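Structure at a glance
These are the residues of each chain, in order.
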Amino acid sequence: MGVRLVVVDDHRLLAEALATALQLRGHRVLAIGSPSRTVGELIVGRRPEVCLLGVAGPGEPDAFDPVRRLRRERPEISVVVLGPVGEPGRVATAFAAGAAGYVRSDERIEVVERAITRVRAGEAAVAVDVLQGAFERLLRPMAEPDDDALRLLRLLTRREVQVLLRIAEGEDTAAIAAGMGIAPSTARTHVQRVLMKLGARTRLEATAVAARTGLLDRAPRV
């Protein structure tokens, strides 16, 4: 039996892709929203059992405010946070805010679905490797982490960063061209270069890579 869901993510394209995948697996998606802070308004008049909440912002003090609000106002809704796991204490902070589960934002759909099933049954849902990763970061604070976001940003030109941001917003080639005042052929070239530099085959995959590494949050808005 499917689960009644609300899917919210700071990146609209990811929210829509996840919602589509879950609907194909028999779940009922009641609403899709972006960014994550809109979740309070999104659930008004709806009765979801689980909220999937994608939080991409690294280290923001209010990143889990939507979780706290749901816990306070709609405690019957189980929240599964989708996010990065590279920051010490992030997973613990999510659970302290009231989350029932935490899943890597780049996980397989099967893992996301298992987390949904577990929190619906009243259990906590967090993968062993996520906990191990968090503990390793805490136990080895002097280790210098790989800054994938910075590395990828150095590969991209200013124009390509602009194109990547528009891809993440779900714009097609025509919209990118119109918004940037360039020819569609030029826009297509920029898109292909972005995919190549990120090692992605599709726009959705490029967006997932950028979100997972934190590139979208660190990219300059120009």
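Now for a look at the structure at hand.

Definitions and limits used
Residues numbered from 1 in each chain as written. Predicted model: local features only at pLDDT ≥ 70, side-chain atom pairs only at ≥ 80, totals over all residues. Heavy atoms only, no water. Core = buried A, V, L, I, M, F, W, Y, C linked by side-chain atoms within 4.5 Å. Buried < 20%, exposed > 50% of the residue type's maximum accessible area, 1.4 Å probe, protein only. Helix = DSSP H or I, 4+ residues; strand = E, 2+ residues; numbered from the N terminus. Pairing = 2+ DSSP bridges. Right-handed = clockwise from strand over helix to strand, strands pointing away. Axes fitted to C-alpha atoms, helices over the stretch in contact; angles between N-to-C directions. Parallel < 35°, antiparallel > 145°, perpendicular 65-115°, else oblique. Left-handed = near helix turned anticlockwise from the far one by under 90°. Contact = heavy atoms within 4.5 Å. Nonpolar A, V, L, I, M, F, W, Y, C, P; charged D, E, K, R; others polar.

With that settled, the discussion passes to the nonpolar core. Residues Val163, Leu164, Ile176, Leu198, Leu215 and Leu216 are the most contacted members of the largest nonpolar core, which totals 28 residues. When residues of this core are traced back to their parent elements, those giving at least two are helix 7 (148-155), helix 8 (158-168), helix 9 (173-180), helix 10 (184-198), helix 11 (203-213) and helix 12 (215-218).

Sheet topology places strand 4 (residues 78-83) next to strand 5 (residues 101-104); four bridges connect them, and they run parallel. Counterpart to Leu82 in the pairing with strand 5 is Val103. The pairing of strand 5 with strand 6 (residues 125-126) spans two bridges and is parallel. Bridged to Gly101 within strand 6 is Ala125. At this point the chain moves from strand 5, through helix 5 (residues 109-120), to the parallel strand 6, and the crossover so formed is left-handed.

Before going further, it helps to examine the packing of helix 8 against helix 9. Viewed as axis vectors pointing N to C, helix 8 and helix 9 meet at an angle of 130°, and their least axial separation amounts to 10 Å. Viewed along their axes, helix 8 and helix 9 adopt a mutual orientation that is oblique. Note on packing geometry: the crossing formed by helix 8 with helix 9 is right-handed. For the pair helix 8 and helix 9, contact is made by Arg159, Gln162, Val163, Arg166 and Ile167 and by Ala175, Ile176, Gly179 and Met180, respectively. In the contact of helix 8 with helix 9, the residues fall into five nonpolar, two polar and two charged.

An order of 2-1-3-4-5-6 is seen for the six strands of this open sheet, with the pairing classed as parallel. Looking at strand neighbours, the two that pair on one side only are strand 2 (28-33) and strand 6, the edges of this open sheet. Sheet analysis places strand 1 (residues 4-9) next to strand 2, joined by five bridges and oriented parallel. Across the sheet, Val7 pairs through a bridge with Ile32, a residue of strand 2. Across the face of the sheet, helix 5 comes into contact with strand 1, strand 3 (50-54), strand 4, strand 5 and strand 6 while running at roughly 135° to strand 3.

That's the geometry; what it means functionally is another story.
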